[in-house]
Amino acid sequence: MIFRKATAGHNSSHPPKIPNSRQIVNLLKTGISLGLSRVSREPLILGSPIMLMVEPTTACQLKCPHCPTGRGELNRPEGRMKFEQFKFLWDSIQPTPLLLQLWNQGEPLLNPELAKIVNYAASQNCWVTLSSNVELLADRHKADSLVQSGLYELILSLDGASKETYSQYRVGGDFERVWIGIQNVVQSRKLNRSKYPIITWQYLLFKHTLAEVEKAKRLAKEWGVDKIVFKTAQLEDLSKSEGQRWLPDQSELRRYDLKKDRWQLRRSSNYFCKRIFSSAVIQWDGTVVPCCFDKTGEFIVGDAAVVGFPVVWSGKEFQAFRRNWLRGIRPEICSNCTEGLKNLYVNPRFVEI
Ligand code: SF4
């Protein structure tokens, strides 16, 4: 559901952008790599990633029950990426990726150098997006620096349209602070005569959040949010009882079916993983994993902080991971990811209770 079209041409900050010739050539190379790898079952990497996910921090103030960080199951040290480290990694990737997603595990705004990181990447012809619970933007100064950083899109993780509903899943969350955070961004955009960052409200469809869908649509308009999207929820624990507790009864509002006492993803049988040929995830300490579904860092394919990202990207370990994937040797994480998923987002017209 889109309320307002974000258009160009307002402030001194960075969006919108047009890919430069090197980025376009890299895009074409990625397409060729994907096609040839799929046909030959041998990974062929001709370009650099068109999209990168960088983890600003693993720390979070919430305790969401189906997030490894919230559950205390991340099994890797808590930390944050420093700006100088980001700069070193980023500068080694040529051409600049078209898209930078600044999140993974943890709440990105807990990294005090986040706006600096956004600014650095956004000033190099890259769309930068951020996914956050936004509570820390209740600090007006933080909201101002984010608006001025050149951020393209702010994805608001908010499930529910009231204090009571919100904190059922976002344990420890403060609905009031989310509301203030959004107001701060909206006001700061006005003051800066900017339409960026675009604010996208991402509303997860849990059993307990369904009743507030209509209220959320109204609130989004009232608050000045640009877009609200309804997403099916991902569970970490796929046992029958957990699914029954959190997932909607209506099958079209969830991504899993119950089979033999376990919830199983509903996806195309011949799905292909495009991510590992076009993107990668850099964890806060510089180590690289193939995708964001490797939340615990089980499949580290190299340390970009030591050898530089390009060496890892086309290195032996990443290639071995890709080769295995092409030959059908897939780790457990692949059974609960979004590649080939049939209903990741739900059309708001169908969200009827
Ligand atoms: S979990 Fe597997 S299929 Fe999904 S993105 Fe990662 S590597 Fe690809």
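See the structure shown above.
Just so you know, these numbers come straight off a predicted model, no measurement behind them.

**Describing the overall build of the protein chain**
Next up, step 1: For the protein chain, the count of helices and strands is 13 helices and 12 strands.
Next up, step 2: Compactness check: the protein chain gives a C-alpha radius of gyration of 20 Å against a globular reference of 20 Å for 353 residues, within 12% of the reference.
Next up, step 3: Across the 353 residues that make up the protein chain, the buried fraction comes to 42%.
Next up, step 4: Partitioning the contacts of the protein chain with sequence separation of at least 6, the portion at a separation of at least 24 is 73%.

**Considering the environment of Gly297**
Next up, step 1: By the secondary structure assignment, Gly297 is in the loop between strand E10 (287–289) and strand E11 (302–303).
Next up, step 2: Between the C-alpha atoms of Gly297 and Asn75, which are 222 residues apart in sequence, the distance is 8.3 Å.
Next up, step 3: Residues contacting Gly297, with those up to four places away along its chain left out, are Arg76, Gln283, Thr287 and Val289.

**Points about the site of the ligand**
Next up, step 1: Within the structure, the ligand sits among Cys273, Arg275, Ile276, Pro290, Cys291, Phe293, Trp325, Ile333, Cys334, Cys337 and Glu339.
Next up, step 2: Broken down by class, the residue content of the shell around the ligand amounts to 9 nonpolar, no polar and 2 charged.

**With respect to the packing of helix H3 (residues 83–91) against helix H4 (residues 114–122)**
The geometry of a pair of packed helices is captured by two quantities: the angle between their axes and the separation between those axes.
Next up, step 1: For the pair H3 and H4, the least separation of the axes is 10 Å and the interaxial angle reads 20°. Taken together, the axis directions place H3 and H4 in an arrangement best described as roughly parallel. The crossing of H3 and H4 is right-handed. Contact residues: H3 offers Phe83, Phe86, Lys87 and Trp90, while H4 offers Lys116, Ile117, Tyr120 and Ala121.
Next up, step 2: Class assignment of the residues belonging to the contact of H3 with H4 gives a composition of 6 nonpolar, no polar and 2 charged.

**Structural notes on unusual backbone geometry**
Next up, step 1: Omega for the bond connecting Gln94 with Pro95 falls within 30 degrees of zero, at -5°, which places this linkage in the cis form.
Next up, step 2: Looking at where Pro95 falls in the secondary structure, it is placed in the loop between H3 and strand E2 (99–102).
Next up, step 3: Cis peptide bonds are those with omega within 30 degrees of zero, and the linkage from Tyr196 to Pro197 qualifies with 0°.
Next up, step 4: Relative to the helices and strands, Pro197 is located in the loop between helix H7 (175–191) and strand E5 (198–205).

**Brief notes about the sheet that holds strand E12 (residues 345–346)**
Next up, step 1: Taken together, the 10 strands give an open sheet; going across it, the order is E11-E10-E9-E1-E2-E3-E4-E5-E6-E12, and neighbouring strands pair in mixed fashion. Each end of this open sheet is capped by a strand with a single partner; those strands are E11 and E12.
Next up, step 2: Pairing between strand E1 (residues 51–54) and E2: 3 bridges, direction parallel. The partner of Met51 across the bridge, within E2, is Leu99.
Next up, step 3: Packed on one face of the sheet, helix H8 (residues 213–223) meets E5 and strand E6 (227–232) and runs near 150° to E6.

**Overview of the pairing of strand E8 (residues 262–265)**
Next up, step 1: Of the strand pairs in this sheet, strand E7 (residues 256–259) and E8 are connected by 4 bridges, and their pairing is antiparallel. Paired with Tyr256 across the strands is Leu265, a residue of E8.

**Some thoughts on the pairing of strand E3 (residues 127–132)**
Next up, step 1: Of all the 6 residues making up E3, 5 are buried; the element is thus mostly covered by neighbouring parts of the structure.
Next up, step 2: Sheet analysis places E2 next to E3, joined by 4 bridges and oriented parallel. The residue of E3 that forms the bridge with Leu102 is Leu130.
Next up, step 3: Taking the sense of rotation as the criterion, the β-α-β connection linking E2, H4 and E3 turns out right-handed.
Next up, step 4: Pairing geometry for E3 and strand E4 (residues 153–157), over 4 bridges, is parallel. Paired with Ser131 across the strands is Ile155, a residue of E4.
Next up, step 5: Taken together, E3, helix H5 (residues 140–147) and E4 form a β-α-β motif whose crossover is right-handed.

**Brief notes about helix H13 (residues 316–326)**
Every α-helical turn comprises 3.6 residues, leaving residues that sit three or four positions apart pointing alike.
Next up, step 1: Within H13 the residues assigned to the buried category are Phe318, Phe321, Arg322, Trp325 and Leu326. End-on, the buried residues of H13 take up no more than an arc of 135°, which puts them together on one face.
Next up, step 2: Buried residues belonging to H13 abut helix H1 (21–40), helix H10 (275–278), E11 and helix H12 (309–313).
Next up, step 3: A positive phi of about 90° marks Gly328, the residue just after H13.

**Here's the deal with the environment of Ser251**
Next up, step 1: In this fold, Ser251 is placed in the loop between helix H9 (240–246) and E7.
Next up, step 2: Given 13 C-beta atoms within a 10 Å radius, Ser251 is considered partly exposed.
Next up, step 3: The spatial distance from the C-alpha of Ser251 to the C-alpha of Cys64 is 23 Å, given a sequence separation of 187 residues.

The rules we used
Residues numbered from 1 in each chain as written. Predicted model: local features only at pLDDT ≥ 70, side-chain atom pairs only at ≥ 80, totals over all residues. Helix = DSSP H or I, 4+ residues; strand = E, 2+ residues; numbered from the N terminus. Rg over C-alpha atoms; globule rule 2.2 N^0.38 Å. Buried ≥ 20, exposed ≤ 12 C-beta atoms within 10 Å, placed from the backbone. Contact = placed C-beta atoms within 7 Å. Near = placed C-beta within 6 Å. Nonpolar A, V, L, I, M, F, W, Y, C, P; charged D, E, K, R; others polar. Axes fitted to C-alpha atoms, helices over the stretch in contact; angles between N-to-C directions. Parallel < 35°, antiparallel > 145°, perpendicular 65-115°, else oblique. Left-handed = near helix turned anticlockwise from the far one by under 90°. Pairing = 2+ DSSP bridges. Right-handed = clockwise from strand over helix to strand, strands pointing away. Arc of directions from axis to C-beta.

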